[in-house]
Number of protein chains: 2
Amino acid sequence: MQRRSFLKKATIGAGVAAIGAPAIAQSLPTLNWRLVSSFPKSLDTLYGAPEIFANSLRKATDGKFNVKIFAAGEVVPALQVLDAVQNGTVECGHTASYYYLGKNSAFIFDTAAPFGMTARQQSAWMLHGNGMKLMRELYASYNIVNFLGGQTGTQMGGWFRKEIKSPEDLKGLKFRIAGFAGQVLSKLGVVPQQLPAGEIYSALEKGTIDAAEFVGPYDDEKLGLAKVAKNYYYPAFWEGAAGLSFLVNKKQWDSLPPAYQAAWEAACFETHVDMCAKYDALNPPALQRLLESGAVLRKFNTSVMDACFKASQETYAEESAKNPQFKKIFDDYRVFRNMEAQWFNVAEQAFAQYSFNKKL
Amino acid sequence: MQRRSFLKKATIGAGVAAIGAPAIAQSLPTLNWRLVSSFPKSLDTLYGAPEIFANSLRKATDGKFNVKIFAAGEVVPALQVLDAVQNGTVECGHTASYYYLGKNSAFIFDTAAPFGMTARQQSAWMLHGNGMKLMRELYASYNIVNFLGGQTGTQMGGWFRKEIKSPEDLKGLKFRIAGFAGQVLSKLGVVPQQLPAGEIYSALEKGTIDAAEFVGPYDDEKLGLAKVAKNYYYPAFWEGAAGLSFLVNKKQWDSLPPAYQAAWEAACFETHVDMCAKYDALNPPALQRLLESGAVLRKFNTSVMDACFKASQETYAEESAKNPQFKKIFDDYRVFRNMEAQWFNVAEQAFAQYSFNKKL
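Values in this document were obtained by computation on a predicted structure and should not be read as measured data. The numbers attached to residues start from 1 for each chain and follow its sequence in the written order. Chains carry letters from A onward and ligands carry numbers from 1 onward, assigned in written order. Given that the model is predicted, a residue must reach a pLDDT of at least 70 before its local features are reported, and side-chain atom pairs must reach 80 or more before they are shown or counted; all residues, however, enter totals for whole chains, interfaces and linings. By convention in this description, side-chain values take in all heavy atoms of the structure and omit both hydrogens and water.

**Q** Could you give me a rundown of the nonpolar core, with the residues and numbers involved?
**A** Nonpolar core, defined: a set of buried Ala, Val, Leu, Ile, Met, Phe, Trp, Tyr and Cys residues in which side-chain atoms within 4.5 Å join the residues together. The buried label goes to any residue with under 20% of its type's maximum accessible area, the exposed label to any with over 50%, and the partly exposed label to all in between, with areas taken from a 1.4 Å probe on protein chains only. With 130 residues, the main nonpolar core has F109, W125 and F175 of chain A together with F109, W125 and F175 of chain B as its most contacted residues. Not counting the four nearest positions on each side in its chain, F175 of chain B is found in contact with G157, F160, L185, V190, V191, P192, Q193, A211, A212, E213 and W238 of chain B. Counting residues in hydrophobic clusters, the runner-up holds 52 residues, among them I69, A263 and A267 of chain A together with L35 of chain B. Contacts are residue-level and defined by heavy atoms, with any inter-residue pair within 4.5 Å sufficient.

**Q** Please provide a residue-by-residue account of the UniProt feature "binding site: substrate" (unreviewed entry) in chain A, values included.
**A** All names here are of chain A. UniProt positions are given in the numbering used here, feature names are shortened, and annotations may be inferred rather than shown by experiment. Under the present numbering, the feature "binding site: substrate" (unreviewed entry) in UniProt falls on Q155, R176, E213 and E239. Helix numbering and strand numbering both begin at the N terminus, where a helix is a DSSP run of H or I of at least 4 residues and a strand a DSSP run of E of at least 2. Mapped onto the fold, Q155 is located in the loop between strand 4 (144-151) and strand 5 (158-160). Think of a polar contact as two N or O atoms within 3.5 Å of one another; within protein, one of them needs to be a possible hydrogen donor and the other a possible acceptor, and neighboring residues in sequence only count if both atoms come from side chains. Looking at Q155, its side chain comes within polar contact range of the side chain of T152, at 3.1 Å. One can find E239 in the loop between strand 9 (231-234) and strand 10 (243-249). Given the relative accessible area of 2%, E239 is considered buried. For E239, the contacting residues outside a window of four places in its chain are Y98, A112, G153, T154, Q155 and E213. Here the side chain of E239 touches Y98 through a polar contact of 2.3 Å, side chain to side chain.

**Q** Please provide a residue-by-residue account of helix 6 (residues 179-186) of chain A, values included.
**A** Listed as buried for helix 6 of chain A are F180, A181, G182, V184 and L185 of chain A. Looking at the packing, one finds that the buried side of helix 6 of chain A touches strand 6 (174-176), strand 7 (191-193), helix 11 (302-322) and helix 12 (324-344) of chain A.

**Q** I'd like to hear about the interface of chain B and chain A, residue by residue, with values.
**A** Contacts between chain B and chain A engage 97 residues on the former and 101 residues on the latter. Between Lys or Arg on one side and Asp or Glu on the other, a salt bridge is scored when a side-chain nitrogen of the former is within 4 Å of a carboxyl oxygen of the latter. Summed over the shared surface of chain B and chain A, the number is 4 salt bridges. Note that K358 of chain A is salt-bridged to D306 of chain B, the shortest N-O span being 3.8 Å. Per-element accounting of the side of chain B that touches chain A gives the leading share, 22 residues, to helix 10 (residues 258-292) of chain B. Lys, Arg, Asp and Glu make up the charged group, whereas Ala, Val, Leu, Ile, Met, Phe, Trp, Tyr, Cys and Pro make up the nonpolar group; the residues left over, Gly among them, are polar. In terms of residue class, the side of chain B that touches chain A is made up of 54 nonpolar, 26 polar and 17 charged.

**Q** Let's hear about the relation of the copies chain B and chain A: which residues, and what values?
**A** Alignment of copies: least-squares fit on C-alpha atoms of residues with pLDDT of at least 70 in both copies. With an RMSD of 0.0 Å, the operation that places chain B on chain A is a rotation of 180° combined with a shift of 0.0 Å along the axis. In symmetry terms, the pair is related by a two-fold rotation axis. Counting the interface residues of chain B, we find that 95% of their copies in chain A are interface residues as well, pointing to one common contact surface.

**Q** Give me the lowdown on the environment of D169 of chain B, citing residues and values where you can.
**A** Residues and elements named next belong to chain B. Mapping D169 onto the fold places it in the loop between strand 5 (158-160) and strand 6 (174-176). For the pair formed by D169 and G189, sequence separation is 20 residues and the distance between their alpha carbons is 9.1 Å. Not counting the four nearest positions on each side in its chain, D169 is found in contact with E163 and I164. At 2.6 Å, the side chain of D169 forms a polar contact with the backbone nitrogen of K165.

**Q** An account of helix 10 of chain B is needed here, citing residue identities and associated values.
**A** An α-helix turns once per 3.6 residues; consequently, residues spaced three or four apart project the same way. Residue and element names in this part refer to chain B. Multiply 1.5 Å by the residue count of a helix minus one, and that product is the helix's expected span. With 35 residues, helix 10 extends 52 Å between its outermost C-alpha atoms, agreeing within 8% with the 51 Å of an ideal straight helix rising 1.5 Å per residue. Fitting axes to the seven residues that end at a residue and to the seven that start at it, the angle between those axes gives the bend at that residue. Considering bend angle alone, the principal kink of helix 10 is centred on N283 and spans about 30°; proline P284 follows within four residues of it. Most of helix 10 sits inside the fold, with 27 of its 35 residues counted as buried. One or two positions beyond helix 10, positive phi appears at G294, with a value near 110°.

**Q** Could you give an account of the confidence of the model for chain A, naming the residues involved and the relevant values?
**A** All names here are of chain A. Residue-level pLDDT values for chain A average 93, and 93% of them are 70 or greater. Confidence drops under pLDDT 50 across residues 1-25; counting only partners more than four residues distant or on other chains, this segment forms 29 contacts. Model confidence for the complex: the whole-complex pTM is 0.92, and ipTM, which rates the interface, is 0.92. Per-residue confidence from the predictor is given as pLDDT, running between 0 and 100.

Here you go:
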């Protein structure tokens, strides 16, 4: 659309020039788009991702394709990015698809699924499995085209006031955790709580909640939770990796010249690599600082993990029975994930298990 | 802006009509570059990477910047990619930097180092540590600018005619393995052999060599080694990940318009994600097929790994004493790698150890 409208303008331009016929007809249009993020500026890894993206796109298009970033709440609230892109309020957004599981539970597979894929496995499924194809089919009914937009790696299980020694300790636990993982944990008696990041500290201090999960050391450090809930559990079985996504209004996407579409896609890949690399570089020193400030690192034991795995399997089955789109994507996701797990258990795991315990 | 840009064009059009001078001075140049690969076409993951790259670059530059790929041997031999780029025989290349450790042993850190970083850790070091800065300093003395060009993930240890039950079994072993890893293993009595891929099968069949390492299941399958050396060992402690690189002649790089430089960089990132995703998608079914065809999966035991780790540490120390550039990069590499290992041992490993042993 954009391209056709540009050609029309160029023709008019040439018409004005009449005899001189300037050779500028092939030049690409100047565009100014708006991107809404689901994240506040304070989370510089997440909010920073579309900045990396927009910078790459602007430079590759010789300064012509500009995307202006708006933090959560500046144009639309954090969790209305999908709606804003769908409705054409803005051209594009950056978000985590699983925020929209209320619209369709199948959205979780674009972000994270309990005991699901790790960062590399998720990228493999998206790019060389059926992942991207399946997620695009789902997004198509929302007039949206989705792209890879970064990854966090395996997240931490969160901050707990008391130790979790057995599945019994989960009963009645008021845990700040949302979405599909909340659904899984509620089977074990957890009472999932929804709470904005800014309110977690005081809720834990007052005891209004017993535990809270967020992301990983670098982001968690900003909330200062070690003082009010020192037990820092791992891993987040519900987020072996969390994938972020760029969403583009379908009509706007179709209007782009092919060169801009190609530059867009490449910029998404740049962002995809960069975000995970940034987390992987920033998390280790943040974890050290957290431990120095009093956090106590604890691993969910096998009895807890087993109970959570069983509850996850039940939730997958229930959701598959309820939602055919969920079933379709999950059936593909699980086969791919199981095959990945088998291979990653060989060279990758043998290397990690030995090497990560040695110092060079 | 769309409107303003139209107005501007209309104005230029009118101006041209007045004086008759064509307004094409700002349009970007058409370029045709040659890229030499270190890999044969048969290795479609490795040879295919610059194809992904060139396709992205061509499309993002509206068909103007074309890079033609030449397989190993078509313009220069496989291991002379660096020289060809340095001398300006071609504008650019795609290779593994550690092939050039004969020129400078510090080149290994751009590809893989024994008990070194995994794929994600390597990307983190390159992009958000000092890795890229240090490697660029090294490459600058060869008139080359380097870029990320894909990763293989942790490789397999290779094919062995006999079992390796203790470090004693390595003594006198004629092992097809090159470079720095060969140096490490020679400390344990291994006799490293250099052999083109096409000659491995018959050498193993005849017993001219006792073992051979290559890449991972997908590439290894093509060599058909399960029939002549069925013990398929893991992991390659010398390649926790192997990074590939794009190399560009410095003068050629500097001659590029900034828009082409930006499109180039983004296309490198696209390739970087895509290659690893492709390996991660293709290796699992290849491993299954190899096992069905008679390969026997074996893990290097702790006594073997311990001996190799000790030999690696000695080799690092010796090389650091000999080569100040090696020492400078290794000192940075090891500190980063040790910190990464500590963090990856928490959430990432706890998730992998539990989850990879379960089927969804």
